[in-house]
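# Inside the fold
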Amino acid sequence: MVPISYHLILSGILFTIGVTGVLLRRNIIIIFMAIELMLNAVNLSFVALARHFGNMDGQIIVFFVMSVAAAEVAVGLAIILLVFRGRETVNADELNLMRW
Amino acid sequence: MDFVTFFALAIPLVVIAIMVIAHPSPVYSALFLVLTLFLLAVYFLFLDAHVVAALQIIVYAGAIMVLFLFVIMLLNLQSDTQPTPRHGLGRAAIIGGVILVAELGLLLQRSSSEQAESSLPENFGTVEALGSQLFTTYLLPFEITGILLLVAVVGAVVLAKR
Amino acid sequence: MEHPHAAEVAVQTVSYLRYIVLFPLLGVVFNLFLGPRYGRRVVNWVSPGMIFLSFCFAFAAFVQLPDGGALVDSVYPWIYSGALQVDMALRVDPLSGTMIMVITGVGFLIHVYSVGYMAHDEDVVRYFAYLNLFTTAMLLLVLGDNILLLFVGWEGVGLCSYLLIGFWYTDDEKASAGKKAFIVNRIGDAGFLLGLFLLFWSLGAHGVWTLSFSEIAAHASVLPVTTVTLICLLFFVGAAGKSAQIPLYVWLPDAMAGPTPVSALIHAATMVTAGIYLIARMHFLYSLSPTALAVVAVVGAVTALFAATIALVQTDIKKVLAYSTVSQLGYMFLGLGVGAYAAGVFHVMTHAFFKALLFLGAGSVIHGMSEEQDIRKMGGLKSKMPTTYGTFAIGCLAIAGFPFLSGFFSKDLILEHAFGSPHGSLLLWLIGTLGAGLTAFYMFRLFFVTFWGENRSDPEVAQRIHESPQVMTVPLVVLAILSLIGGYFTLPELLSPLYGHAHPHVSLLVKYLPTLLGLGGIGLAYRLYVQAPPFAPGRGGADRLSRQFSGLYQLLLNKYYVDEFYEAAIVRPLLAASEWLWKVWDTLVIDGLVNGTAQVIQANGSVLRFWQTGNVQTYALSFCCGAILILGYYLW
Amino acid sequence: MDMTLPAVNWLSVLPTLLLSATGMLALFWDIWIKDDERSLLGWLSLTGIAVTALCSWLLWGQNDVVSFSGMFALDAYALFFNLVFCLVAGLTVLMSLSYLETAEIRHGEYYALILFATVGMTVMAAATDLIFIFLGLETMSIAVYVLAGIWRQHLTSHEAALKYFLLGAFASGFLLYGIALIYGATGSVQLGPIAEHVGTQGSSPLLLLGMGLLIVGFGFKVAAVPFHVWTPDVYQGSPTTVTAFMAVGVKAAAFAAFARIFLHTLGAVHADWQGILWVVAALTMTVGNVTALVQHNIKRMLAYSSIAHAGYLLVAMVAGSDVGGAALLYYLVAYGLMNLGAFGVMVAVGRRGEPHEELDDYAGLGFRYPALGMAMTVFMLSLTGVPPLVGFTGKFYIFSAAVQAGYLWLAVIGALNSVVSAYYYIRVVVNMYMREGGAIVELPSLRSALGVAILIAAIGTVLMGVFPSASMSLAGASFLSLG
Amino acid sequence: MVSLIVFIPLLTAFFLLTLNKNAGELIRRTAFGASLLTFFISLGLFTGFDSETAAFQFVERYAWIREFRIEYSVGVDGISLFLVLLTTFLSPLVILSTWSSVKHRVREYLFFFLILETGMIGTFVAVDVFLFYVFWEVMLIPMYFLIGVWGGERRIYAALKFLLYTMVGSLLMLVAILYLASLHHTQYGTLTFDLLRLYTLEIPVNAQMWLFAAFALSFAIKVPLFPFHTWLPDAHVEAPTGGSVILAGVLLKMGTYGFLRFALPLFPDAAHAAAPLIMALSVVGIVYGALVALVQPDMKKLIAYSSVSHLGFVMLGLFAFNIQGVEGALYQMLGHGLSTGALFLLVGVVYERRHTRLISEYGGLWKQLPLFASVFLITMLSSIGLPGLNGFVGEFLILLGTFQANTLVGAVAVSGVVLGAVYMLRLYQRVVFGPLMQPENANLTDLSRRELAIFVPLIALMLLMGLYPKPFLSRMEKSVEATLARIHKEAAPSTHAMADLTRSRPVLSESVTSE
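Because the structure is a prediction, the values reported are computed rather than measured.

### As for the overall build of chain E
The helix and strand tally for chain E stands at 21 helices and two strands. Computed over the C-alpha atoms, the radius of gyration of chain E is 22 Å, within 12% of the 24 Å expected from 2.2 N^0.38 for a compact globule of 515 residues. Its C-alpha atoms put chain E at 70 × 55 × 40 Å along the principal axes. Sorting the 515 residues of chain E into buried and exposed places 70% on the buried side. Roughly 14500 Å² of accessible area belongs to chain E as shown, and the carbon and sulfur atoms make up 63% of that amount.

Dropping the structure here:
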């Protein structure tokens, strides 16, 4: 059997890939997708831990996380649309009206 | 889950996840993400999370990712936006990512508990188990999720309508 | 014991001494509040009147003075702070009794004289207010039962001196002279205060907490000699400031900027003798310290000679008298310094008479000469101002030590002691004697040049030369009489309860050489200034001398350049240092540090704001860094 | 099938329920209501909030009612925060009544979103389960993301919403990951069992990791350095009333959960997180204050100021103990009052199309509009921490807790920071009273609801400062109810 | 009674806001009446004061913030009594001066001024340290407004500098206060901010050092002790007349009062350790202030630097740790309040007429303004410590005390007496004496009746304090003795024991031979 730490480390790697994506990409939609990747990495942890502890809490949490992700996506994409309409861009580098 | 299965799933997962953030085209990124989500669903199956695996495909890969693709198409974004100088941000991102993963790995490695996995209850991961928990213990959070989604809907409408 | 403790004398408590001080004070109050309303006529009566009343009480006290004892009037408790308990208490003993008689007596005469002298000045009310205030302070100075009260009077007279020197304030130079006087006096006062502190705490260390003279006298012997010496020297600094001794004499010649009666009263007869009074008052301490006495004597003797040499060549009538005063004060200190306190005080009194007379006479001359003070523009006044001439002559004779006039007795007594007392020495005597000769010379130089010979003034001034009114000449006459007979007031006898009897036996040469030298000085003056008048056309002997010794002459004429030296060595560096402290140190360094701190913080803000690049990904990076650091902390 | 519904104590969710109901009501009424009557929605919301507050007040004393299988605690702590949230929401609504007109923002969804956000906050304060806290947080956050971008005609508002959203989601990821790891370390997401586990087993690397990630997540919400970077941009771009709501409400809610988890649940391992928070608190105070020095936009300046205040609040967290917790609660109220007041004044100064957010716009304001000037002065001085205003009493409470807990240097850093902060707060006063002219045009007369809001904030600022005893004991009791 | 004195001005201040802002005369009269009333009530403190006890009198105490055992407790003792009186005495005079010095925004000016008065009185009467701190800070704000709104050209800079500088110190002091309270918690199990209870704390010497530093910094800035003085010239120069008067007259005393009331008795060991340093700074301040004052072209700046010098004397007296020094310091605080207050009022008089404070713009004023010149003369003399006026008693006692504590410092400090005369006389000569150079000065009018009404009480008090200091000193004595006993960590003194203690302390030499 694979020890729990394998799952957790895999989850950590995926999470970091998500984080790196957020830092790396300029397109805010991809940034957003990277965030989704982070959430999924966490989900992996939850599911693995649920299996490890043998209680359902982890799985139920994943259920809630999915709802949250859905809500975030709805609002997030609406915001991206809003911004795109105003600025004609989804490049994060160009969205700096306010600074300093 | 045995080691073979684990690595058979984990290695493609990581590679594809890297592709998500590395591929210049948003559409491909999204498709790679869908792939990641599918792989995860498979992974969940091996972890006895049947319902979650199903939800992962239906909700995530199905609904959410479609929304993403829809927006990408709507905005007509074929490739990553025109290159602008990154001021070392990209390098910092990768260095940061490496450090972060190293730290996470080290800390998680330390926490590898020797304790054996608990024996699973009979109906672990089934719709029944999930449902009964959801409507008893997690009743109130479940209700609040309703409000959360309501907010999201209202918000999306408020923001996106012309 | 030569000097019995003062505490042993009979003390009688009375309650009228306060009126001696109060009447002049009433005069001040009257002048301040009612003077402007009632005007000159009333003030002319009230101000001298108040002094006269004061004189009456002073006389009463003097007469009532128990033999060898003292009168004390404790008015109210003044400063009570812990062990320091100082009363507002007045004390009359032979010393202060003499002083108050001189102060009120001569003061009254000068007040009367002032009525005439200031007749044409519009600010007469203010003048009399100051003059009355001065008398108040001076009386407080001598009557004070303790050092602190003495100090009150001490500072008070300094203030009045300041105000009166600068009386004609619109003249910047006169105002500056007043300021100079005050500041130089303050330097002395600093010494005074330090002496006072040292005395207070030194005695306190022995359980004696007092500032009262009688108690200090009673316990002075507990103090170690070095402490006493230090105390005495510090007090002497104060005395030197007030009584214009080297090196603090510089204010007195400038002080002649004030109205002449003021010069007579304050800068000749009374205030400047406060230093002598102080030492005479504290004689019990000085007697304990031969070192201190020696310093006093040497400074006194040197000042006497030093000032006399300057007086030789001055041409301003008041300046000559001023340097003469400095010189005479030097004699008094010489007397004190050789332990002849009584002789010193005796000279204070006689000097008060004849120097007041001389100054008032000079005032009369100046008055008659339409404010002219340069003796080179005078001459031949003896016929036009006979009373002034006569009385001035008496004054000159007295100061020159002409036999049987007042100065003869007191000055000779000092010189005898300078030679014969245990603290005396040949050198001191020689210096004093030489000074006596010089004194006679420069006084008669002044006398001859002013009153004899041709009149050298402008014709229009010459026309208006007139004898002064009676209100001015009567005081002159009274003072002249006092100068004649003053030597017969046997003051040393009167003071013997304080200072004991001491009659040094000296040889006839020592006794009479000063007198002879004095007479010689008069003769030399006659030779140089009457027989060969220098300021008349043709130029006489003195002029030739001054050309022959022009270096020395210039040195003397410029008063040894002491003022210039002080200006260059003290005043200018002080101002320059202050300027530097303000503009560089305060503004640039200290304030620069203060503002710099603020600016550094602000600059940090200017840098930190760039954290907010506006780019959402750098924000995320900031996040990541935070996370990495936190995890790193746990990892570590 | 064997399913027993948990004990349902409706009382415990009454405040949350009332707010949700009002929100939905507002949402539905919006469909029918006439355009010119839309401000009625505001009054409706206000009524709902008032009723909620009243009901929270009445529920006081029903301590330790934990219902819904230990998911939801109706302790005094939660009730206290309910009152705070009601105050914040109420004042925000009062200010919004006129602001929405001048800023041309639609009424209907606005009030509903405010109410739903408040629902999320109440959940965060009362939930005793990590995942429930996360849900409350997301409910609140998503509502506020939308609110930030609701000023549709302003590009800055869009950008604010985007930045807030992206970073918020990013931070949520960290928070969630932290929850996952704590779940991994303790086997539970319920605070009770976690506390029990931590109390007996102590910390483990997994727990530390989870805690660290939780700090990152909450650090974002409370705007602690270095997770504060979004704050200035988002505050500046959002509609002013929303900024006020964010600055106070969101921060209070985040602290409610933060403190419940760390001070109470993870209290046993406080040594493991205090060090980090110490550094974070010191940095937060310093960076916030120092950067605020150079700002010319008052809204942005207040954003930095809110970062700095998060620093002070973190000091209370670091101090821990009962005093620290009470100080935290007290200061949140204090901070809320004065900050809402300040934003209220900003709303009053702004006009249609001219937000008047620059420092120069305030020149001469004090003498031209004495009441407004005086109110702003009170708020600025209170933010500086000048006695006897509530800002001072709050800081006093916090520093006192820090000193008693032995964190003397933190108190010193806080004190020095207060001096720095004086400079930029006072600069507003300087402009109002000591400079003349400025570009300001004449103000419309103070609109009544807004005036009332400012007045309430001002009176609260003064009264709570002069007579702090009652509110202090309330805060103390509330924190103690955590057990 | 004490509360009445504290809060009458505050209530009046808010009452003023209800008046029509254009009713200048009514507003001024109301404010003047209120401050006068306050003064008369405060006279009751003087007459009813029991000089036989060191305890606080007229005490009022109510629980205020129960969580911290903070009390509203006020009272006066021999130390605070006269500072309260000074405040209540100067306030009506300053208000009287506003008739001519403040022309616009009178209502707001007086509003802030009355709040300031409350703050000042409160600071002096507070027995609870927290209450003290509150008043201490409260007072900053109105002063800040007075300078910033009604001040001169660089008023904003000056006001901010004043505020920030003071705050740096006071906030550190707040932390120290908190530490004290929590120390009390550790030692006695309860928090307390009651000064009298805090006095009983046993504070480790090491902690004392830090606490003393925090308190001392705060107070030293306020005093201001060299080198923390640079805010003072700016604040003085830019402040309006009334502001300068109160700043110099009362606010600076809060620093020295703070030392005497808090820093010294609370941390005696630290105070003793720091005494050489602080005495050195004080004496440097005396000389430095005097020298810098010497070359100032601006009258107000000159007086400001003179304050640095004078307050140096006060600090010396305090750190002499003997009764003469401390009483002298207290006396000098009052004296300086009167004389410097009067000096600023005098500058205000000519400033209102000529709108310049440059000394070079004046000269020869006596001719035109004899009354002004006379008042100026007396004030100047009081300032340089002429015997018979208030300045002397304080200066003398301070120097006497200092001389015992540290002979060298005392000796250097005496030079301040000389330098003080130098710069003041220079100022006086350049303003009042000399020919009337500037044609603008030829038409100046002398003091009006109202202005006379301001100066007559001041001068009367200067004379009274110079000639008959006993009523003042006797009321201070017991409290000063008690404070000194704390500084020397002796048991509370009995009535007579203290005097003996003072007497038996060695003075100059180590070898003491008692009689």
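### Focus on the overall build of chain B
Helices and strands together make up the secondary structure of chain B, namely six helices and zero strands. In chain B, the succession of helices and strands from N to C terminus is α-α-α-α-α-α. Sequence-distant contacts in chain B: of pairs separated by 6 or more residues, those separated by 24 or more amount to 61%. With an accessible surface of roughly 7600 Å², chain B has 72% of that area assigned to carbon and sulfur atoms.

### Describing a nonpolar patch on the surface
All names here are of chain C. Together, Tyr19, Leu22, Leu25, Val29, Leu32, Phe33, Leu34, Tyr38 and Val42 make up an exposed nonpolar region whose accessible area comes to about 790 Å². A total of eight residues in the nonpolar patch trace back to one element, the largest contributor, which is helix H1 (residues 17-38). Relative to the elements of secondary structure, leucine 32 occurs in helix H1. Under the relative-accessibility criterion, leucine 32 is labelled exposed at 52%.

### Some words on the packing of H1 of chain C against helix H4 (residues 124-143) of chain C
Packed helix pairs are specified by the crossing angle of their axes together with the interaxial distance, meaning the distance between the axes. Residue and element names in this part refer to chain C. Relative to each other, H1 and H4 sit at 160°, their axes nearing to 8 Å. If you check the angle between H1 and H4, you find them roughly antiparallel. The hand of the H1/H4 crossing is left-handed. Each of Leu17, Ile20, Val21, Pro24, Leu25, Gly27, Val28, Asn31, Gly35 and Pro36 in H1 lies in contact with H4, whose residues at this interface are Val125, Phe128, Ala129, Asn132, Leu133, Thr135, Thr136, Leu139, Leu140 and Leu143.

### What to know about the interface of chain B and chain D
Each side of the interface is counted separately: chain B has 28 residues, and chain D has 39 residues. Together, the buried faces of chain B and chain D total about 2900 Å²; carbon and sulfur atoms form 84% of this surface. The tally of links from chain B across to chain D stands at one salt bridge. The interface formed by chain B and chain D includes three residue pairs in polar contact (both at pLDDT 80 or more). At the level of secondary structure, the elements contributing two or more residues to the side of chain B that touches chain D comprise helix H4 (89-110), helix H5 (127-135) and helix H6 (139-160) of chain B. In terms of residue count, the dominant contributor to the side of chain B that touches chain D is H6 of chain B (15 residues).

### As for the layout of surface pockets
There is about 1900 Å³ of room inside the largest pocket. If you trace the largest pocket, you find 49 residues lining it, with Val28, Leu32 and Leu133 of chain C together with Ile378 and Leu463 of chain E closest to the centre. Going through the elements one at a time, H1, strand E2 (70-81), strand E3 (84-92), H4 and helix H5 (147-165) of chain C together with helix H16 (370-383) and helix H19 (449-467) of chain E are the ones with two or more residues in the lining of the largest pocket. The element that contributes the greatest number of residues to the lining of the largest pocket is H1 of chain C, accounting for 10 residues. Residues belonging to the lining of the largest pocket are distributed by class as follows: 39 nonpolar, six polar and four charged.

### Thoughts on the interface of chain A and chain B
Accessible area lost upon the coming together of the parts serves often as the stated size of an interface. Residue-level contacts link 71 residues of chain A with 84 residues of chain B. Carbon and sulfur atoms make up 74% of the area that chain A and chain B hide from each other, which totals about 7100 Å². Of all residues in chain A, Met33, Arg51 and Met66 of chain A bury the most surface against chain B, accounting for 10% of the area lost on that side. The closest approach of N and O atoms between aspartate 48 of chain B and arginine 51 of chain A, which form a salt bridge, is 2.4 Å. Across the contact surface, chain A and chain B share 10 residue pairs in polar contact (both at pLDDT 80 or more). Among the secondary structure elements, those contributing two or more residues to the side of chain A that touches chain B are helix H1 (4-24), helix H2 (28-53) and helix H3 (57-87) of chain A. A total of 23 residues in the side of chain A that touches chain B trace back to one element, the largest contributor, which is H3 of chain A. Taken together, the residues of the side of chain A that touches chain B break down into 48 nonpolar, 15 polar and eight charged.

### Details of the confidence of the model for chain E
All names here are of chain E. Taken as a whole, chain E shows an average pLDDT of 87; of its residues, 95% reach a score of 70 or greater. Counting contacts from residues 492-515, a segment whose pLDDT is below 50, to residues more than four positions away or on other chains yields 33 contacts. As scored by the predictor, the complex reaches a pTM of 0.90 and an ipTM of 0.89.

### Overview of the sheet that holds strand E1 (residues 11-13) of chain C
With mixed pairing, the three strands of this open sheet are ordered in space as E1-E2-E3 (chain C). Every other strand in the sheet has two partners, leaving E1 and E3 of chain C as the edge strands with one partner each. Averaged over all adjacent pairs, the angle separating strand axes in this sheet is 45°, with direction ignored. Along the sheet face, H5 of chain C touches E2 and E3 of chain C and points at about 70° away from the line of E3 of chain C. Its contacts with the sheet place helix H17 (residues 390-405) of chain E against E2 and E3 of chain C, and it is angled at close to 80° to E2 of chain C.

### A look at the side chain of threonine 473 of chain C
All names here are of chain C. Mapping threonine 473 onto the fold places it in helix H20 (residues 470-485). Given the relative accessible area of 8%, threonine 473 is considered buried. Excluding anything up to four places from it in sequence, threonine 473 contacts Thr387, Glu467 and Ser468.

Quick notes on the rules
Residues numbered from 1 in each chain as written. Chains lettered and ligands numbered in written order. Predicted model: local features only at pLDDT ≥ 70, side-chain atom pairs only at ≥ 80, totals over all residues. Heavy atoms only, no water. Helix = DSSP H or I, 4+ residues; strand = E, 2+ residues; numbered from the N terminus. Rg over C-alpha atoms; globule rule 2.2 N^0.38 Å. Buried < 20%, exposed > 50% of the residue type's maximum accessible area, 1.4 Å probe, protein only. Areas by Shrake-Rupley, 256 points an atom, 1.4 Å probe, with all protein chains shown as cover. Contact = heavy atoms within 4.5 Å. Patch = residues over 30% accessible without salt bridge, like charges linked within 9 Å, V, L, I, M, F, W, Y side chains within 5 Å. Salt bridge = Lys/Arg side-chain N within 4 Å of Asp/Glu carboxyl O. Axes fitted to C-alpha atoms, helices over the stretch in contact; angles between N-to-C directions. Parallel < 35°, antiparallel > 145°, perpendicular 65-115°, else oblique. Left-handed = near helix turned anticlockwise from the far one by under 90°. Buried area = accessible area lost by both parts, 1.4 Å probe. Polar contact = N/O pair within 3.5 Å; in protein donor to acceptor, adjacent residues only side chain to side chain. 1 Å grid on protein atoms, 1.4 Å probe; cavity = no way out; pocket = protein on both sides within 12 Å on 5 of 7 lines; lining within 4 Å. Points joined across faces, edges and corners; volume = space filled by probe spheres on them. Nonpolar A, V, L, I, M, F, W, Y, C, P; charged D, E, K, R; others polar. pLDDT = per-residue confidence, 0-100. Pairing = 2+ DSSP bridges.

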